[in-house]
Each structure stands twice: as C-alpha cells, then as structure tokens.
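Structural overview
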Amino acid sequence: MKNLKHNTTSVVNINYHIIWCPKYRRKVLVGEVETRLNELLPELAEDSGCTIDTMEVMPDHIHIFLKGTPTIPIHLIVKNLKGKSSRILRTEFPHLRKRLPCLWTRSYYCETIGCINEETIKKYIEDQKFN
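These numbers come from a predicted model, not from an experiment.

What follows concerns helix α1 (residues 31-47). Here α1 is 17 residues long and its end C-alpha atoms lie 25 Å apart, about the 24 Å a rise of 1.5 Å per residue gives. Within α1, burial applies to Val 33, Arg 36, Leu 37, Leu 40, Leu 41, Leu 44 and Ala 45. Contacts made by the buried residues of α1 are with β3 (15-20), β4 (51-58), β5 (61-67), α2 (74-92) and α3 (94-99). Within two residues after α1, Gly 49 carries a phi angle of roughly 85 degrees, on the positive side.

Turning our eyes to something else, we now look at the pairing of β3. Counting buried residues along β3, five of its six residues qualify, which places the element largely inside the surrounding structure. Relative to β5, β3 runs antiparallel, the two sharing six bridges. When the sheet's bridge partners are listed, Ile 19 is paired in β5 with His 63. Two strands pair when backbone bridges link them, and β3 and strand β6 (residues 109-113) are joined in this way by five bridges, in the antiparallel orientation. Counterpart to Ile 19 in the pairing with β6 is Tyr 109.

Per the counting criterion, the structure on display carries one aromatic pair. Here Trp 20 and Trp 104 contribute two aromatic rings whose centre-to-centre distance is 5.7 Å and whose plane-to-plane angle is 85 degrees, an arrangement assigned as edge-to-face. With Trp 20 in strand β3 and Trp 104 in the loop between α3 and β6, this pair connects stretches of sequence that are 84 residues apart. Classification of Trp 104 by relative accessible area gives buried; the value is 6%. Residue placement shows Lys 23 over the ring face of Tyr 24; its charged tip is 5.7 Å from the ring centre.

About the criteria used
- Residues numbered from 1 in each chain as written.
- Predicted model: local features only at pLDDT ≥ 70, side-chain atom pairs only at ≥ 80, totals over all residues.
- Heavy atoms only, no water.
- Helix = DSSP H or I, 4+ residues; strand = E, 2+ residues; numbered from the N terminus.
- Expected span 1.5 Å × (residues − 1).
- Buried < 20%, exposed > 50% of the residue type's maximum accessible area, 1.4 Å probe, protein only.
- Contact = heavy atoms within 4.5 Å.
- Pairing = 2+ DSSP bridges.
- Phe/Tyr/Trp six-rings, centres within 6.5 Å; stacked < 30°, edge-to-face > 60°.
- Lys NZ or Arg CZ within 6 Å of the ring centre and 35° of its normal.

Structure (structure tokens):
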C-alpha cells in the first residue's frame, strides 16, 4: 500500500485530522495571511518529519490531514506547527500583533485516521479467538 511508511523496525500508517483556531476565533486567516499560511505549514510539517496531505484554511480555523511518524508525538508536531507559524506570521503581518495577544488558541482538536474503520478492527480482534 502506498500509504505505508517503512523503516528498519516498523511499517506504519499514522494519519491525523487536526483543527485549531486563532485566538478569540477571529477571522484573520484571509488574503495574504491565508496564502502565506498555505505555503508555511507544509514546510513546517516537513521539518517535523511529517507531510500534510490535505489542508484547508478557513477565515477562523484550519483543517489539516497530516501523515505522521511514530517517533514524534502529535502534541509536539502541533506545538511546532502552531508556534513557528505564529512567530513567522506575526513578524510578517504586524496587524496580527495589534489585533491579538497571540495568534492561536492553546487548544486543538486531533483525531487519528486509518484506512480501516473502527468496527472492522473491533470485529477482527473479537474474531481472533475463534481462528
């Protein structure tokens, strides 16, 4: 399968759906800020050893489908994406510093995504005893 990542000790398919918002859910991710964020986040993800498969920047939140690695925990990946993007965007777009005390909220949403659904995995595990 093309989704699998191989190394010397494992074969993995680690995918995350991640969502986060600007502080106060302000609609600041528009125009040049949106364009720059679309360029910036894939670069930052690659620096963390991940790839962004799909991304959508909305005026007041971001959706990312990220392919991860087992060696870096998701909280560190999100911390790097949010922290570095905030620093760069607030430097390049001073109006963001004037409107917000910080660019992002402290929270985020993350869900793991696989190519097999939850019910299939549960059934497979339950059926193991009888095989």
